[in-house]
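Here's the letter readout for the chains.
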Amino acid sequence: MSAWSPDLRRSEARTEAGVNTTLVDQHQPVAFVLTGGAGHGAVQVGMLQALAAAGIVPDLLVGSSAGALNAVAYGSSPTPAGLQRLVDAWRGARRGDVFPLHPSDLLPAMLGRRDHLISPLGLRNWLATHLELDVLEHAVIPVHVVATDLATGRPVVISTGEAVTALMASSAVPSLFPPVALDGRLLVDGSVSADTPVTQASELGARTTYVLSTRAVSGAPFPRTAARLALYAYLQISANWSRDQAAARLGSTVHVLPVPDLHGISPFDLSAADDLITAGRLATESWLTSFARPRLAVAA
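Computed from a prediction, not measured in an experiment: that's the story for all the values here.

Rules used throughout
- Residues numbered from 1 in each chain as written.
- Predicted model: local features only at pLDDT ≥ 70, side-chain atom pairs only at ≥ 80, totals over all residues.
- Heavy atoms only, no water.
- Helix = DSSP H or I, 4+ residues; strand = E, 2+ residues; numbered from the N terminus.
- Buried < 20%, exposed > 50% of the residue type's maximum accessible area, 1.4 Å probe, protein only.
- Contact = heavy atoms within 4.5 Å.
- Areas by Shrake-Rupley, 256 points an atom, 1.4 Å probe, with all protein chains shown as cover.
- 1 Å grid on protein atoms, 1.4 Å probe; cavity = no way out; pocket = protein on both sides within 12 Å on 5 of 7 lines; lining within 4 Å.
- Points joined across faces, edges and corners; volume = space filled by probe spheres on them.
- Expected span 1.5 Å × (residues − 1).
- Arc of directions from axis to C-beta.
- Axes fitted to C-alpha atoms, helices over the stretch in contact; angles between N-to-C directions.
- Parallel < 35°, antiparallel > 145°, perpendicular 65-115°, else oblique.
- Left-handed = near helix turned anticlockwise from the far one by under 90°.
- Nonpolar A, V, L, I, M, F, W, Y, C, P; charged D, E, K, R; others polar.
- Phe/Tyr/Trp six-rings, centres within 6.5 Å; stacked < 30°, edge-to-face > 60°.
- Salt bridge = Lys/Arg side-chain N within 4 Å of Asp/Glu carboxyl O.

Before going further, it helps to examine the overall build of the chain. Secondary structure summary: the chain contains 12 helices and 10 strands in total. With 300 residues in all, the chain has 51% of them scored as buried. Long-range contacts, defined as pairs at least 24 residues apart, comprise 79% of the intrachain contacts of the chain with a sequence gap of at least 6. Entry remark: accessible area of the chain is about 13400 Å², with carbon and sulfur atoms responsible for 54%.

So this is what it looks like as structure tokens:
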């Protein structure tokens, strides 16, 4: 039995996926950057399906918040079967399981007895159920999870250690979920500091970057509860900032995939995952047919 090797695993996964292409563009290596966006993160699953079908496979993945979940899941098994498991995970997600908000949770937070409104146990259990990767460094494609240092407000890139803990940190929306203690720091949602972590991807060596965005709140109905309205505003600020950041990096090769019309679907509506996955796939397929992407040399 051969020793475990990330390069060997990556080669085997690409063969299983039917990918027999080599990017010969001078801007290698290639990164996929996946933004936050709560339930709108399902759009990225369809984008990943279309990119994989076109033979575009990244050398590294960088994600924030919901995008970090998709990055870790895809990086652990970048195959048709792995993508199908990610599709099934999103289809089976329920708001009450992932974001359980109960009246009994509000009083302690309002009285200052705790720093969050929602118990993190539902999200942690859901992640543990659907992720096949124990530690980040065993991913087939190197994956990097972005969180935010609560003390400094600066992004923190997590590339090793327990996958679920890293994702909990990257998804810890301030006031909704508690900060996550990791390596002597308190970490919160990666979208606070780097919703679209193209800078981090560049620092990790990427020369060509595909941004899988969600534009999380575009066209969504305004929520009526205080907690949801706060998260809505937070996502809007993050999305606006991230678009500016991505634009600032366009001096390098950064391809921002189009975001489909979300038809007013709320980022809190996890029941719409199937529609979002389909919309993301179709929008990316259309973009790929018209976009002059880097040349692909098909191996004999």
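This paragraph deals with the layout of surface pockets. Volume-wise, the largest pocket comes out at about 150 Å³. Lining of the largest pocket is provided by L69, A73, S76, S77, G82, R85, L86, A89, W126, H130, L131 and E132. At the level of elements, α3 (66–76), α4 (80–92) and α7 (121–130) are the ones that each hand at least two residues to the lining of the largest pocket. Of all the elements, α4 adds the most residues to the lining of the largest pocket, at 4 residues.

Further remarks concern α4. When the terminal C-alpha atoms of α4 are compared, their 18 Å separation across 13 residues agrees well with the 18 Å that a helix rising 1.5 Å per residue should span. All of the buried residues along α4 are G82, L83, L86, V87, A89 and W90. Summarising the axial view, the buried residues of α4 lie within an arc of 160 degrees, below the 170-degree limit, and thus occupy one face. At its buried positions, α4 is contacted by α2 (42–53), α3, α7 and α12 (273–290).

Here the focus is the packing of α3 against helix α8 (residues 163–170). When two helices pack together, their arrangement is given by the angle between the helix axes and by the axis-to-axis distance. Between α3 and α8, the shortest axis-to-axis distance is 8 Å and the interhelical angle comes to 160 degrees. In terms of their interaxial angle, α3 and α8 are classed as roughly antiparallel. In this structure, the crossing between α3 and α8 has a hand that is right-handed. Residue-level inspection shows A68, L69 and V72 of α3 in contact with α8, the latter providing A163, L167 and S170. Per-class residue counts for the contact of α3 with α8 are 5 nonpolar, 1 polar and no charged.

This part takes up the environment of G36. You can see G36 is positioned in the loop between β2 (30–34) and α2. Separated by 159 residues in the primary sequence, G36 and D195 place their C-alpha atoms 5.8 Å from one another. Here G36 is in contact with S64, S65, A66, G67, S191, D195 and T214, once residues within four sequence places are set aside.

Quick look at the packing of aromatic side chains now. Following the criterion strictly, the structure yields 3 aromatic pairs and no others. An angle of 70 degrees between the planes, with centres 6.4 Å apart, marks the rings of W90 and W126 as edge-to-face. Taken as a pair, W90 in helix α4 and W126 in helix α7 lie far apart in primary sequence, 36 residues in all. Residue classification places W126 among the buried residues on the basis of a relative accessible area of 11%. Ring centres of Y210 and W287 lie 6.4 Å apart, and the angle between their planes is 90 degrees; this geometry places the pair in the edge-to-face category. Remark: W287 occurs in helix α12 and Y210 occurs in strand β8 (residues 208–212); sequence separation between them is 77 residues. As far as the burial class goes, Y210 and W287 line up, both buried.

What follows deals with α7. Each turn of an α-helix holds 3.6 residues, which means side chains three or four residues apart point in the same direction. G122, L123, W126 and L127 are the residues of α7 that are buried. For α7, the buried positions fall inside an angular range of 130 degrees around the axis, keeping them on one side. Turned more than 90 degrees away from the buried face of α7 sit L121 and T129, all of them exposed.

Evaluated as defined, the whole model comprises 4 salt bridges. Linking E132 and R85 is a salt bridge whose minimum nitrogen-to-oxygen distance equals 3.1 Å. With E132 in the loop between α7 and β4 (143–149) and R85 in helix α4, this residue pair connects regions lying 47 residues apart in the sequence. Residue class for E132 comes out exposed when judged on its relative accessible area of 54%.

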